[in-house]
Amino acid sequence: MAIAEGRLFVGQVFSEFLLVIDVETQSIVKRLHIPGGGEGEIAASPDEKTIFFASNKENQFYLIDSATYKYHVVQYPSGGRGCMSISVHPDGSRLYIGVQRGGLLNGKSYFGGNCFLAVYDLNRNSYVTTIYLAEIYNGRSDDATPACIEVDSEGEKIYVGMFQSKRGICVIDAISNEIVNDIRFERNECNKHFEWVDPLSVKSFGECLISLNRNNCELLVINKNDYKTVKSYYLGEAPNGPRDIELFDNEVFVSYPEKNGFVILNLSLATLNKSMQPTANASAD
């Protein structure tokens, strides 16, 4: 879902439409027919003039005028197929699309996952680059997919939470569009079946990064400077684990479908920043 100019745009998985709902009256004002249907990822531009819908059925994304509902179609690059995540840079200049299959690494296609991040320049209406995200083992790429994308405009970093991947969170420099680091996680006692933790939702929070690691049933607060864990929260074990997080002021709302509701945590940014400061040597005079 995405909101633009008082209307909620909703993708319907088992239909051919995006629903447009007036927030104030809670009534459907438009059923927008989209080739391939409403299964995909949706985001709104910062000025709310454009809705971006990246299809998981058709190999393309749509730039939809939020006022007229007219749209323009752009094909995925590098033979890309399927989408699990989409995000817009806060300044509205670039669109980031997490594509499941079809990427090239140094001009070579590897058998397997081949997931990549496509960077689209919204001012020039053209792709800037594609960033290969899958890891290669013995000539075969893993079956990873980019589950979520968080753009940190202050630090000029892009954080991509990787599904079915040991690399955890992939850190990309937003200027050079190069991978600069991986934030890898160890599985805990809750994670009995997988080698990876599946960070399905990642959010920037001041000097920290918050990662919801589904298979570990945990929420981690991570220092952006050294990628060390500042604080961890065990969320309780249930089938399929927690799914998504949203921030409001100092509160983190964790969606946990199998618990039939939310887990709500209160985080103090000041306390977290203090805990990241170097500890003074108590024996020093």
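Everything discussed here concerns the structure shown above.
Residues numbered from 1 in each chain as written. Predicted model: local features only at pLDDT ≥ 70, side-chain atom pairs only at ≥ 80, totals over all residues. Heavy atoms only, no water.

A. Structural context of the environment of histidine 193. Here histidine 193 is to be found in the loop between strand E19 (178–183) and strand E20 (199–205). For the pair histidine 193 and cysteine 115, spaced 78 residues apart in sequence, the C-alpha to C-alpha distance is 23 Å. (Helix = DSSP H or I, 4+ residues; strand = E, 2+ residues; numbered from the N terminus.)

B. Up close: the packing of aromatic side chains. What the rule picks out here adds up to seven aromatic pairs. Aromatic pair phenylalanine 61 and tyrosine 127: ring centres 6.5 Å apart, planes at 80 degrees, arrangement edge-to-face. Of this pair, phenylalanine 61 sits in strand E7 (residues 60–65) while tyrosine 127 sits in strand E13 (residues 126–132); the two residues are 66 residues apart in sequence, bridging distant segments of the chain. Since its relative accessible area comes to 0%, phenylalanine 61 is described here as buried. On the basis of relative accessibility, which here comes to 24%, the residue tyrosine 127 falls in the partly exposed class. Aromatic rings pair up to connect Phe53, Tyr62 and Tyr71 into one cluster. Here lysine 166 stacks its cationic end above the ring of tyrosine 137, 6.0 Å away from the centre of that ring. For the cation-ring pair, lysine 259 lies above tyrosine 256, with the distance from its terminal atom to the ring centre recorded as 5.3 Å. (Phe/Tyr/Trp six-rings, centres within 6.5 Å; stacked < 30°, edge-to-face > 60°. Buried < 20%, exposed > 50% of the residue type's maximum accessible area, 1.4 Å probe, protein only. Lys NZ or Arg CZ within 6 Å of the ring centre and 35° of its normal.)

C. Layout of the sheet that holds strand E8 (residues 71–75). Judged by pairing direction, the sheet is antiparallel, and its four strands sit side by side in the order E5-E6-E7-E8 without closing on themselves. Each of the sheet's edge strands pairs with one partner strand only, and the pair in question is strand E5 (40–44) and E8. The sheet shows a mean angle of 20 degrees between the axes of neighbouring strands, taken without regard to direction. Where strand E6 (residues 50–55) and E7 come together, five bridges link them in antiparallel fashion. Opposite isoleucine 51, over in E7, you have isoleucine 64 as the bridge partner. (Pairing = 2+ DSSP bridges. Axes fitted to C-alpha atoms, helices over the stretch in contact; angles between N-to-C directions.)

D. Representation of the sheet that holds strand E10 (residues 94–101) within the structure. Pairing is antiparallel across the open sheet formed by four strands, whose spatial order is E9-E10-E12-E13. Two strands lie at the open edges of the sheet, namely strand E9 (81–88) and E13, each paired on one side alone. In this sheet, adjacent strand axes meet at a mean angle of 25 degrees when their direction is disregarded. As paired elements, E10 and strand E12 (residues 116–121) share six bridges and run antiparallel to each other. The partner of valine 99 across the bridge, within E12, is phenylalanine 116.

E. The layout of surface pockets, seen in detail. The computed volume of the largest pocket comes to approximately 1,600 Å³. Every residue lining the largest pocket is counted, 46 residues in all, and those nearest its centre are Met1, Glu41, Ile42, Ile86 and Asp244. Elements represented by at least two residues in the lining of the largest pocket include exactly strand E1 (2–4), strand E2 (7–11), E5, E9, strand E16 (145–152), E20, strand E24 (244–248) and strand E25 (251–256). With six residues, the top contributor of residues to the lining of the largest pocket is E9. Considered class by class, the residues forming the lining of the largest pocket number 26 nonpolar, eleven polar and nine charged. (1 Å grid on protein atoms, 1.4 Å probe; cavity = no way out; pocket = protein on both sides within 12 Å on 5 of 7 lines; lining within 4 Å. Points joined across faces, edges and corners; volume = space filled by probe spheres on them. Nonpolar A, V, L, I, M, F, W, Y, C, P; charged D, E, K, R; others polar.)

F. Geometry of the pairing of E16. Buried residues dominate E16, accounting for eight of its eight residues. Pairing between E16 and strand E17 (residues 157–163): seven bridges, direction antiparallel. Looking across to E17, one finds that aspartate 152 is bridged to lysine 157. In this antiparallel pair of consecutive strands, E16 and E17, the connection spans four residues, and glutamate 156 shows a positive phi of 50 degrees.

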